[in-house]
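Topology and contacts: notes
Read off the chains here:
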Amino acid sequence: MNIQGKLIIIGGAVDKGSFTETDLDKSAAKNLNFFEAGILKRIIDESKHKKESRIEVITTASKIPKEIGPEYVKALHYLGANNVDVLNIDRREQASEPEILERLKACDVVMFTGGDQLRLTSILGGTPFHDILLDKYHNEDFVYAGTSAGAAAASNNMIYQGSSSEALLKGEVKITSGLGLIDGVIIDTHFVQRGRIGRLFQAVVGNPKVLGIGLGEDTGLLITNNSMMEAIGSGLVILVDGKEIKDTNLTQVELGQPISINHLVTHVMSINDTFNLNTFKMTIKSSQYV
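For every chain, the first residue of the written sequence is number 1, and numbering continues from 1 along that sequence. The model is predicted, so local features are restricted to residues of pLDDT at least 70 and side-chain atom pairs to those at 80 or more, both for listing and for counting; the totals for chains, interfaces and linings are taken over all residues. Think of the side-chain values as coming from all heavy atoms in the structure, minus any hydrogens and water.

Some remarks on the confidence of the model for the protein chain
- On average, residues of the protein chain score 86 in pLDDT, and 86% of them reach the 70 mark or higher.
- Considering only residues more than four positions removed or in separate chains, one finds that residues 14–37, a stretch of pLDDT under 50, has 51 contacts. Residue-level confidence of the predictor, termed pLDDT, takes values from 0 up to 100. Note on contacts: a residue pair is in contact if any heavy atoms of the two residues lie within 4.5 Å.

Remarks on the packing of aromatic side chains
- Pairing of aromatic rings covers Phe, Tyr and the six-membered ring of Trp, with a centre-to-centre limit of 6.5 Å; geometry is then stacked below 30 degrees between planes, edge-to-face above 60, and tilted otherwise. By the definition in use, this model includes 2 aromatic pairs.
- Ring centres 4.9 Å apart and planes at 25° place the aromatic pair Phe-112 and Tyr-144 in the stacked group. Within this pair, whereas Phe-112 is found in strand β4 (residues 109–112), its partner Tyr-144 is found in strand β5 (residues 143–147), the two being separated by 32 residues in sequence.
- Burial classification: accessible surface area is computed with a 1.4 Å probe over protein chains only, and a residue below 20% of its type maximum counts as buried, one above 50% as exposed, and the rest as partly exposed. Phe-112 gets classed as buried once you look at its relative accessible area, which sits at 0%.
- Taking NZ or CZ as reference, Lys-243 lies 3.8 Å from the ring centre of Phe-280, over its face. Secondary structure elements are taken from DSSP: a helix is a run of H or I of four residues or more, a strand is a run of E of two residues or more, and numbering for both begins at the N terminus. Criterion for a charge above a ring: Arg CZ or Lys NZ at most 6 Å from the ring centre, at most 35 degrees from the ring normal.

Quick look at the pairing of strand β12 (residues 237–241)
- Of all the 5 residues making up β12, 5 are buried; the element is thus mostly covered by neighbouring parts of the structure.
- By the convention used here, strands pair only if DSSP detects at least 2 bridges between them. Pairing analysis gives 4 bridges linking strand β9 (residues 211–215) to β12, with the strands arranged antiparallel. Within the sheet, the bridge partner assigned to Gly-214 lies in β12 and is Ile-238.
- Note that β12 and strand β15 (residues 265–269) share 5 bridges and pair antiparallel. Residue Leu-239 lies in a different strand from β15, and its bridge partner there is His-267.

So, the pairing of strand β11 (residues 228–233)
- Within β11, 5 of the 6 residues are buried, which leaves it mostly tucked inside the rest of the structure.
- Bridging between strand β10 (residues 219–224) and β11 involves 6 bridges; their strand directions are antiparallel. Note that in β11 the partner of Thr-219 across the bridge is Gly-233.
- Between the end of β10 and the start of β11, which pair antiparallel, lie 3 residues, with Asn-225 showing a positive phi angle near 55°.
- As defined by bridge partners, β11 adjoins strand β16 (residues 274–276) across 3 bridges and the pair is classed as antiparallel. Within the sheet, the bridge partner assigned to Met-228 lies in β16 and is Asn-276.

Quick look at the pattern of salt bridges
- Counted as salt bridges are all cases of a side-chain nitrogen of Lys or Arg within 4 Å of a carboxyl oxygen of Asp or Glu. The final tally for this structure, using the stated rule, is 13 salt bridges.
- When the shortest N-O distance is used, the salt bridge between Arg-103 and Glu-56 registers 2.8 Å. Of this pair, Arg-103 sits in helix α5 (residues 98–106) while Glu-56 is found in strand β2 (residues 55–58), placing the two residues 47 residues apart along the sequence.
- Judged by relative accessible area, which is 22%, Arg-103 ranks as partly exposed.
- Here Glu-93 makes a salt bridge to Arg-91, at a shortest N to O gap of 3.0 Å.
- Given the relative accessible area of 42%, Arg-91 is considered partly exposed.
- If you follow the salt bridges from partner to partner, you end up with Lys-6, Arg-42, Glu-46 and Glu-230 in one network.

Notes on the packing of α5 against helix α7 (residues 128–139)
- Contact geometry of α5 with α7 gives a least axis separation of 10 Å together with a crossing angle of 10°. In terms of their interaxial angle, α5 and α7 are classed as roughly parallel. Of the residues in α7, those in contact with Ile-100, Leu-101, Leu-104 and Lys-105 of α5 are Pro-128, Phe-129, Ile-132, Leu-133 and Lys-136.
- Of the residues in the contact of α5 with α7, the class split is 7 nonpolar, no polar and 2 charged. As a rule, the C-alpha atoms of each element are fitted with a line to give its axis, helices using only the stretch in contact, and angles between N-to-C directions run from 0 to 180 degrees. Here is the rule for angles: anything less than 35 degrees is roughly parallel, anything more than 145 is roughly antiparallel, 65 through 115 is roughly perpendicular, and the remaining ranges are oblique. When residues are grouped by polarity, Ala, Val, Leu, Ile, Met, Phe, Trp, Tyr, Cys and Pro land in nonpolar, Asp, Glu, Lys and Arg in charged, and all others, Gly among them, in polar.

Details of unusual backbone geometry
- A positive phi angle is found at Ser-148, which is not glycine, with a value near 55°.
- In this fold, Ser-148 is placed in the loop between β5 and α8 (149–152).

Comments concerning the sheet that holds β5
- With mixed pairing, the 9 strands of this open sheet are ordered in space as β3-β2-β4-β5-β1-β10-β11-β16-β17. Each of the sheet's edge strands pairs with one partner strand only, and the pair in question is β3 (84–87) and β17 (281–283). Averaged over all pairs of adjacent strands, the angle between their axes in this sheet comes to 20°, without regard to strand direction.
- Direction of pairing for β4 relative to β5: parallel, over a ladder of 4 bridges. Residue pairing across strands places Met-111 opposite Ala-145, the latter belonging to β5.
- Contacts from helix α4 (residues 65–78) reach β2, β3, β4 and β5, with the element oriented near 165° to β3.
- Sheet contacts for α7: β1 (6–10), β2, β3, β4 and β5; angle to β4, the most-contacted strand, approximately 125°.

In C-alpha cells:
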C-alpha cells in the first residue's frame, strides 16, 4: 500500500522551552533545544502548507490538557505556524461529535501530546475520529506527529506498562493494540533516560517479526510511506531486530523469571541516519567509510 501521509514519532521530554515565562527571548537560548534539534520545525516543514498548515494539538493522553495544549500552540507560533489550535477530547463520545470530526477532516497536521497512551487508545480507538485519522494518513498529504504517548500509540502493537528495572522478567511488559498507523514495529519512548531497553527486548523476543524502536528524549523518527525512517533530533534511536534470534528460554520459564536471548541484533541511529523497513538496512549519514 502506498501511504500518502507522514509519521513523526518523538521520544518525549519535548524541550520546547517554557513559553509561560515572561522573558521569552532572553530565555530562548537555554530553553529551545527542541527547536535547535529541529523536530517541531521539521513537523511544520513536512506539512502540506508549511507555516500555513492547519495544525490541531490533541491532548487526549494528558491529565493536564489545559496546561500542555497552550504550550504547544505558543511553541508552534514561535516557529511561524499560526494556524494552530488545541483539540481537547477527554471523553469517548466526543470522538463522534460532528464539530470535532470536521476539524480533523480540515487539518493538515495532528500533534498528539504525551501522557498515557492507554487513554489515547481507550478514548479514540474504534471511533469515527479514529477512522478519519487512518483514512487521512493513508490517502492524504497529512502528518501524524506524536510525542511520548502519542508516539507509542502510533503502531499496531503498543507497550502500555512495564517496569524498566524488571523488564527482562517474563510477563513484566504489557502490550495491547495501538492506533494502527504502522504495522511491523513496536515503539518505546523516554528510552535512554529511563533505561527501557529491557522492555523492548521482551516485546521483540515474544514476536521477532516486529522491529523494536526505542526513542530517546528530544529524538524522533520521520517515517515516509511506512517504509523509510530518518532519525531527527539531538539524541539516539535504538532499533531492536529479533529476526536473527537463535535461542531463548521464553516459553520454558515461569512468570517473573529472567529471560535469556541469544543473538539479538541492535542498531543505533543518530540525526540524519536512515533505516529501510522493507530491506532492514541502515545507512549512517556520516559514515567513516564513505
